[in-house]
Amino acid sequence: MAREQTVVVVAMEGLQLLDLAGPVGVLGSANYFGADPPYRTLVATADGCDVRSDSGVRVGADVSLAELAASRRRVDTMTVVGGFGTPAAVADEAFVADVGRLGRRAGRTTSVCTGAEVL
């Protein structure tokens, strides 16, 4: 079996829950059915703290976006989610800079819906 593929899902306060759950769910299903290489998903938030979706559901973070962007850790795919929190994320210069640094290093950079505005 080949090494796992690391997928970082970038989330912000006010994210659309479906924008996160959809991609993570699909990759989890792929693993269930034997993806080779398997996917490892990590949820990254600006500071590594939990965030709330626009529907009020709390989403746990696996890693700090700022620390991940500053590291040399391998990232195969970065996906930025969208939601009503997107305008505030776009206005956060440090957040956008960290997304840019990580995106330049990632093998693929993608977004879901209004996550494209962050990119």
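Our subject is the structure that appears above.
In what follows, the accompanying structure is described. Every chain is numbered independently, its residues counted from 1 as its sequence is written. With the structure being a predicted model, the display of local features is reserved for residues of pLDDT at least 70 and the display and counting of side-chain atom pairs for 80 or more, all residues being used for whole-chain, interface and lining totals. Excluded from the side-chain calculations are hydrogens and water; all other atoms, namely the structure's heavy atoms, are used.

Let's talk about helix α1 (residues 17-32)
An α-helical segment advances 3.6 residues per turn. Residues three or four places apart therefore align on the same side.
So, step 1. Only DSSP runs of H or I covering at least 4 residues are called helices, and only runs of E covering at least 2 are called strands; the numbering of each starts at the N terminus. Residue count minus one, scaled by 1.5 Å, sets the expected span of a helix. Compared with an ideal rise of 1.5 Å per residue, which puts 16 residues at 22 Å, α1 spans 22 Å between its outermost C-alpha atoms and is within 8% of the ideal.
So, step 2. Turning to α1, its buried residues number three or more, namely D19, L20 and L27. End-on view of α1: buried residues confined to an arc of 100°, all on one side of the axis. What points out from α1, more than 90 degrees from its buried face, is the exposed set L18, V26 and Y32.
So, step 3. In the segment just after α1, G34 is the residue with positive phi, at about 95°. Relative accessible area decides the class of each residue, using a 1.4 Å probe on protein chains only: under 20% of the type maximum gives buried, over 50% gives exposed, and in between gives partly exposed. The arc in question is the one traced by the directions running from the helix axis out to the C-beta atoms.

Details of the side chain of T79
So, step 1. Within the secondary structure, T79 is located in strand β6 (residues 77-80).
So, step 2. In protein, a polar contact means a hydrogen-donor-capable atom and an acceptor-capable atom, both N or O and within 3.5 Å, with residues adjacent in sequence counting only if both atoms are side-chain atoms; elsewhere, any N or O pair within 3.5 Å suffices. Separated by 2.7 Å, the side chains of T79 and T110 make a polar contact.
So, step 3. Every residue pair with non-hydrogen atoms within 4.5 Å of one another is taken to be in contact. If we skip the residues at most four places from it in the chain, T79 touches V8, V9, V10, T110, S111 and V112.

As for the nonpolar core
So, step 1. Nonpolar cores were defined as sets of buried Ala, Val, Leu, Ile, Met, Phe, Trp, Tyr and Cys residues, with membership established by side-chain atoms within 4.5 Å. V10, M12, L15, L20, F95, V99 and L102 are the most contacted members of the largest nonpolar core, which has 28 residues in total.
So, step 2. Breaking this core down by element, the ones donating at least two residues are β1 (5-10), α1, β2 (39-45), α2 (65-70), β6 and α4 (93-105).
So, step 3. Element by element, the count of residues in this core is highest for β1, at four residues.

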